[in-house]
Each structure stands twice: as C-alpha cells, then as structure tokens.
Amino acid sequence: MRTREFLSKLEHDRIAQEIGEAESKTSGEIRVLIERGKLKSDPLEAAQSKFHRLGMHKTRERNAVLIFVAPRVHKLAIVGDNAIHEKCGDEFWQRVVERMRTHFQNEKFSDALVEAIKEVGSVLARHFPKTVRDTNELPDDVIDT
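Residues numbered from 1 in each chain as written. Predicted model: local features only at pLDDT ≥ 70, side-chain atom pairs only at ≥ 80, totals over all residues. Heavy atoms only, no water.

K.L.:
Residues and numbers for unusual backbone geometry, please.
P.N.:
The phi angle at R62 is positive, at roughly 55 degrees, despite the residue not being glycine. R62 sits in the partly exposed class, given a relative accessible area of 30%. Even without being a glycine, E107 presents a positive backbone phi close to 60 degrees. The topology assignment puts E107 in the loop between α4 (82–105) and α5 (109–127). (Buried < 20%, exposed > 50% of the residue type's maximum accessible area, 1.4 Å probe, protein only. Helix = DSSP H or I, 4+ residues; strand = E, 2+ residues; numbered from the N terminus.)

K.L.:
Account for the packing of aromatic side chains, with residues named and values stated.
P.N.:
Tallied over the entire structure, the rule returns 4 aromatic pairs. Relative to F109, the ring of F6 lies with its centre 4.8 Å away and its plane at 55 degrees, an arrangement referred to as tilted. Pair noted here: F6 is in helix α1 (residues 3–9) and F109 is in helix α5, with a separation of 103 residues, a long-range link. Under the relative-accessibility criterion, F6 is labelled buried at 1%. Residue F109 is classed as buried on the basis of its relative accessible area of 6%. (Phe/Tyr/Trp six-rings, centres within 6.5 Å; stacked < 30°, edge-to-face > 60°.)

K.L.:
For the environment of F109, give the residues involved together with the corresponding values.
P.N.:
In sequence terms F109 and S122 are 13 residues apart; their C-alpha atoms lie 20 Å from each other. Sequence-distant contacts of F109, defined by excluding residues within four places in its chain, comprise M1, F6, K9, L10 and F104. (Contact = heavy atoms within 4.5 Å.)

K.L.:
How would you sum up a positive patch on the surface? Please name residues and give values.
P.N.:
A surface patch of positive charge is lined by R2, R4, K38 and R72. You can see K38 is positioned in the loop between β1 (29–34) and α3 (43–53). Exposure remark for K38: the relative accessible area of 58% places this residue in the exposed category. (Patch = residues over 30% accessible without salt bridge, like charges linked within 9 Å, V, L, I, M, F, W, Y side chains within 5 Å. Areas by Shrake-Rupley, 256 points an atom, 1.4 Å probe, with all protein chains shown as cover. Salt bridge = Lys/Arg side-chain N within 4 Å of Asp/Glu carboxyl O. Lys, Arg positive; Asp, Glu negative; His and termini not counted. Charge placed at Lys NZ, Arg CZ, Asp CG, Glu CD.)

K.L.:
An account of the nonpolar core is needed here, citing residue identities and associated values.
P.N.:
L10, I15, V32, I67 and M100 are the most contacted members of the largest nonpolar core, which has 34 residues in total. Setting aside chain neighbours within four positions, we find I15 in contact with L10, V32, S110, L113, V114, I117 and V142. Grouped together as the second largest cluster of nonpolar side chains are 14 residues, F51, A77, V79 and L138 included. (Core = buried A, V, L, I, M, F, W, Y, C linked by side-chain atoms within 4.5 Å.)

Fair warning: the whole summary comes from geometry, so function is off the table for now.
Here's what the structure looks like:
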C-alpha cells in the first residue's frame, strides 16, 4: 500500500489522543512514525536509526518507545530505549508487533496502533510511573517521513 493511502486511512487524532492518555500515567514517551517509500534496510535497523535521528534517546529516563510502520513494504518494528528495553526485552516488542500485524492484515490500521500504544503505555506506567516532575518531552502526533 502506498504511504499516502495508508496515512489517509489513519485516525490521526485518535492515535495522538491515545499517546497522550498513555503518557499521562508514565514518565515514558511514545511516538509513532510512518516511513514513506521503500526501506533500504531491515525494519528494526531503520527504526533504530529514526529513533536516534528524532532524538528519542535523549529523554531524561531513557524510556522512550518508537512504533515504526513502513506500509509500502508491509514492515513493522518497535524500538525501546535502554531503560524500558531492560525491563521488557525483545519478546515483549515482538508480541506487540505480531498483534499489530493481525490488525494490519484486516486493514484495521488505527486499531493496531492504538492497541500497541495501550500495551506499551501499560508497561511504561508499571516501570516508570508519572511523577510531579515529569513533562511531555516529545510531541504526540504521528510522524511521516
């Protein structure tokens, strides 16, 4: 599917609202990035590169998470910074990606992203609960590059 068509099917406000809701319970940060065009590398490598390019590794507690979607090549990846990755590991990210894939196969793209945000947000809240010092360090909107 072409990226423009994919983006037109997303409920951007609903996704951003879910990110805000998830982040209201944690010091963690969640972002969703939609990759335009074809990937030149493995989706996980591409997601890690975007994670750093977006400065997500600079959050105070190193607990940011990027949900990466490349609709043109039907690839997904989730990258968590050091602190959150140590708490949940590769298996958690892979489970979330597999659940997303099921929704994607049924063309329920927004549902896939909202569910993934809820799952990630729940893990972030358990390990990194919100404190009075926390601020929203990164924007909540869907990024398309």
